[in-house]
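# Fold and contact review
The chain contents come next:
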There are 2 protein chains.
Amino acid sequence: MTKDWVIEYFESEGTCFGLKGSERVESVQSPYQKIDIYNTETFGYLMLIDGCTMVSSRENFLYHEMMSHPALFSHNDPKRVAIIGGGDCGTLREVLAHECVEQVTQIDIDEQVTRLSEKYFPELCERNDDPRAQLLFIDGLKWIDDQPGESLEVLIVDSTDPVGFAEGLFTVDFFKQCFAKLAPGGIIVQQSESPLLHGQSIIAPLHKNFRAAGFSDTQTLHFPQIIYPSGWWSCTMAKKGGALDQFRQEDAQAKSFATRYYSAQMHQAAKVLPPFLSQAIDGLS
Amino acid sequence: MTKDWVIEYFESEGTCFGLKGSERVESVQSPYQKIDIYNTETFGYLMLIDGCTMVSSRENFLYHEMMSHPALFSHNDPKRVAIIGGGDCGTLREVLAHECVEQVTQIDIDEQVTRLSEKYFPELCERNDDPRAQLLFIDGLKWIDDQPGESLEVLIVDSTDPVGFAEGLFTVDFFKQCFAKLAPGGIIVQQSESPLLHGQSIIAPLHKNFRAAGFSDTQTLHFPQIIYPSGWWSCTMAKKGGALDQFRQEDAQAKSFATRYYSAQMHQAAKVLPPFLSQAIDGLS
């Protein structure tokens, strides 16, 4: 690692990204992974898991807002929400901003991620004490398996890259499980990597896998995500019955909470895909 | 520089970006700057000017399409176009795709940029022999000064960052010159850096400067640009008389040439700004 810079080398993509800030303020080896916290010069705190940049103070709002609000406003009445992964609690925080939500369960296998987030990213954890929130530190796949059928309205898969133990979160078998646990009209959203780097390798197959699992419609939204490979990221939604072309636009316009990236208009805009990406998705679906 | 990686350290922003590929295939010291060409593993060729990443084979389409098509489709009848900078000829290539354009003048002070682009980015130079194109290697500020009043429909400022000799391309004085040379209804577009990093320091002041120079409306569009700081970039347009809320949407939908990022719908979407950026612009305008 170059002195004074925290750099992640995305070897398989041939790109790297880094932040200036030599001070590593904490390093924890949990039973699952190594978690490092750096204090950077211009992006606040930075969390790395097994050397991969996960979340920074300055720009995590882009990702957390886009992983939550489009899915919640795409559901007619989201009451019961689950977040697989998401241990930094940033997605949980955004979900809890929705008054219609009655319960949110966050299931991240690694409690240390949440403990370190509470310490270095307290703004992401500010709603953790909300009585509607439940934080579990167990295997998300097993938790899903244990749920009654049709017991969720929205399922957010806020996972790491599809390698290692997160690989199972991108398969048809997993999506079939999710499909069974979602009530009719339910929505699943999965982080789906970079439009430029992973359009053909991850995003297009994800649409195919969602449909193979029984979902009736799928939709990718794209947005900037500075610290992830290419700086350009996406999430992909799927709906159990019905189409995704509409969302609760008036509710989004009249929402009672502030956002920095998301708005009803940005929701519309993020659904519009550049021709090269539409073609990749249409070619496989 | 780390072995095997070409990394640009954006010291003032505290971020860095790099591509894998240790092979520097050419290095030229022109009268103006040092130009290096690398052969990268996953992004094709990469041009650096004075150590700053400028253009790569894989993703330059994002920038070149967004610097040209929104401006041209925002003008009712763009016949005479000028490009200040843009020596790699990628913007020129996109402008020449528009059949209504009768003449395009590209004015880049450094002929070596174009010579190296012809060699390593021939796809960007494939329309350089179009009889409507004129390539000049002189000072763009002086060229603008020498033009008759109201002699251009669209002026594209495809410059480097606003430091050194490009700094003059972001000032009210320069924009007043441009205003005088544009015919009524004319449009200027300027690359305007990163929404996240430069919203307050560059984009908002640019709106203010355009208006101070006499332009009646201004508009920022945002788009990914992988190799530039933060991976998220913008261009800002200004119009001489009238508003920018409309563009030739039907013509954009029916365009005769292929694009990979731009489309009429993407044009609409790119105009929608996230709340934090709108607020920065509104706060200064």
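Whatever comes next refers back to the structure up there.
Residues numbered from 1 in each chain as written. Chains lettered and ligands numbered in written order. Predicted model: local features only at pLDDT ≥ 70, side-chain atom pairs only at ≥ 80, totals over all residues. Heavy atoms only, no water.

Scanning chain A from terminus to terminus reveals nine helices and 13 strands. Taken across its 285 residues, chain A has 61% of its residues classed as buried. Expressed as a percentage of contacts within chain A between residues at least 6 apart in sequence, the contacts between residues at least 24 apart total 65%. Surface summary for chain A: the accessible area is close to 10400 Å², and the carbon and sulfur share equals 47%. The averaged location of the 39 negative side-chain charges in chain A is 3 Å from the averaged location of its 23 positive side-chain charges. (Helix = DSSP H or I, 4+ residues; strand = E, 2+ residues; numbered from the N terminus. Buried < 20%, exposed > 50% of the residue type's maximum accessible area, 1.4 Å probe, protein only. Contact = heavy atoms within 4.5 Å. Areas by Shrake-Rupley, 256 points an atom, 1.4 Å probe, with all protein chains shown as cover. Lys, Arg positive; Asp, Glu negative; His and termini not counted. Charge placed at Lys NZ, Arg CZ, Asp CG, Glu CD.)

Our next topic: the packing of helix α5 (residues 172–181) of chain A against helix α6 (residues 195–212) of chain A. Residue and element names in this part refer to chain A. Closest axis-to-axis distance for the α5/α6 pair is 8 Å, and the angle between their directions is 50 degrees. The angle between the axes of α5 and α6 places the two elements in the oblique class. Crossing hand, α5 versus α6: right-handed. Counted together, V172, F175 and K176 of α5 and L206, N209, F210 and A212 of α6 form the full contact between these two elements. Taken together, the residues of the contact of α5 with α6 sort by class into five nonpolar, one polar and one charged. (Axes fitted to C-alpha atoms, helices over the stretch in contact; angles between N-to-C directions. Parallel < 35°, antiparallel > 145°, perpendicular 65-115°, else oblique. Left-handed = near helix turned anticlockwise from the far one by under 90°. Nonpolar A, V, L, I, M, F, W, Y, C, P; charged D, E, K, R; others polar.)

Before going further, it helps to spend a moment on the pairing of strand β11 (residues 182–191) of chain B. Residues and elements named next belong to chain B. Most of β11 is tucked away, with nine of its 10 residues classed as buried. In this structure, strand β10 (residues 152–158) lies alongside β11, joined through five bridges in parallel fashion. The partner of V157 across the bridge, within β11, is Q190. Looking at chain direction, β11 and strand β13 (residues 232–239) are connected through five bridges and run antiparallel. In the sheet register, V189 faces β13, and the bridge partner there is M237. (Pairing = 2+ DSSP bridges.)

Glancing now at α5(A). Residues and elements named next belong to chain A. For α5, the full list of buried residues reads F174, F175, C178 and K181. Across the axial projection of α5, the buried residues extend over an arc of 120 degrees, all falling on one side. Buried-residue contacts for α5 involve α4 (140–146), β10 (152–158), β11 (182–191) and α6. (Arc of directions from axis to C-beta.)

Attention now goes to the environment of V272(B). Note that V272(B) resides in the loop between α8 (264–271) and α9 (275–284). It is 36 Å that separates the C-alpha atoms of V272(B) and L116(B), two residues lying 156 residues apart in sequence. Those residues in contact with V272(B) that sit more than four places away from it in its chain are Q265(A), M266(A), A269(A) and H222(B).

Here the focus is the pattern of salt bridges. All names here are of chain A. Under the counting rule described, the total for this entry stands at 28 salt bridges over all chains. Across the salt bridge formed by D130 and R132, the nearest N and O atoms sit 2.9 Å from each other. Classification of R132 as partly exposed rests on a relative accessible area of 22%. Counted as one network, the salt bridges with shared partners bring together R24, K34 and D36. (Salt bridge = Lys/Arg side-chain N within 4 Å of Asp/Glu carboxyl O.)

Mapping chain A onto chain B calls for a screw motion: a turn of 180 degrees about the axis and a shift of 0.0 Å along it, with 0.0 Å RMSD after fitting. What the superposition gives is, in effect, a two-fold axis relating one chain to the other. With an isologous cut-off of 70% or more, the 100% of interface residues of chain A that recur at the interface of chain B puts this contact in the isologous class. (Least-squares fit on C-alpha atoms with pLDDT ≥ 70 in both.)

Looking now at the sheet that holds strand β1 (residues 5–10) of chain A. Spatially, β1(A)-β2(A)-β2(B)-β1(B) is the arrangement adopted by the four strands of the open sheet, whose pairing is antiparallel. Pairing within the sheet leaves two strands with one partner each, and these edge strands are β1 of chain A together with β1 (5–10) of chain B. Between one strand and the next, the sheet's axes are offset by a mean angle of 15 degrees, whatever the strand orientation. The sheet contact formed by β1(A) and strand β2 (residues 15–20) of chain A spans six bridges and is antiparallel. Residue F10(A) lies in a different strand from β2(A), and its bridge partner there is T15(A).

One finds I156(A) and I156(B) to be the most contacted residues of the largest nonpolar core, which totals 116 residues. In contact with I156(A), other than residues within four places in its own chain, are M67(A), S68(A), L72(A), V81(A), A82(A), I83(A), I84(A), T91(A), V95(A) and V189(A). Counting 23 residues, the second-largest nonpolar core is a separate cluster that includes A82(B), L136(B), I144(B) and A238(B). (Core = buried A, V, L, I, M, F, W, Y, C linked by side-chain atoms within 4.5 Å.)

Bringing the interface of chain A and chain B into the picture now. With 41 residues of chain A at the interface, the matching set in chain B holds 41 residues. Interface area, chain A with chain B, both sides summed: about 3200 Å², of which 68% is carbon and sulfur. Together, W5(A), C16(A) and L196(A) form the three largest contributors to the area buried by chain A at its contact with chain B, with a combined 16%. On inspection of chain A and its partner chain B, the count reaches two salt bridges. In this structure, the salt-bridge partner of E11(A) is K20(B), at a minimum N-O distance of 2.5 Å. Here chain A is connected to chain B by 10 residue pairs in polar contact (both at pLDDT 80 or more). The element that contributes the greatest number of residues to the side of chain A that touches chain B is β2(A), accounting for six residues. Taken together, the residues of the side of chain A that touches chain B break down into 24 nonpolar, 11 polar and six charged. Pairing of β2(A) with strand β2 (residues 15–20) of chain B involves five bridges; the strand directions are antiparallel. Residue pairing in the sheet places G18(A) in a bridge with C16(B) of β2(B). (Buried area = accessible area lost by both parts, 1.4 Å probe. Polar contact = N/O pair within 3.5 Å; in protein donor to acceptor, adjacent residues only side chain to side chain.)

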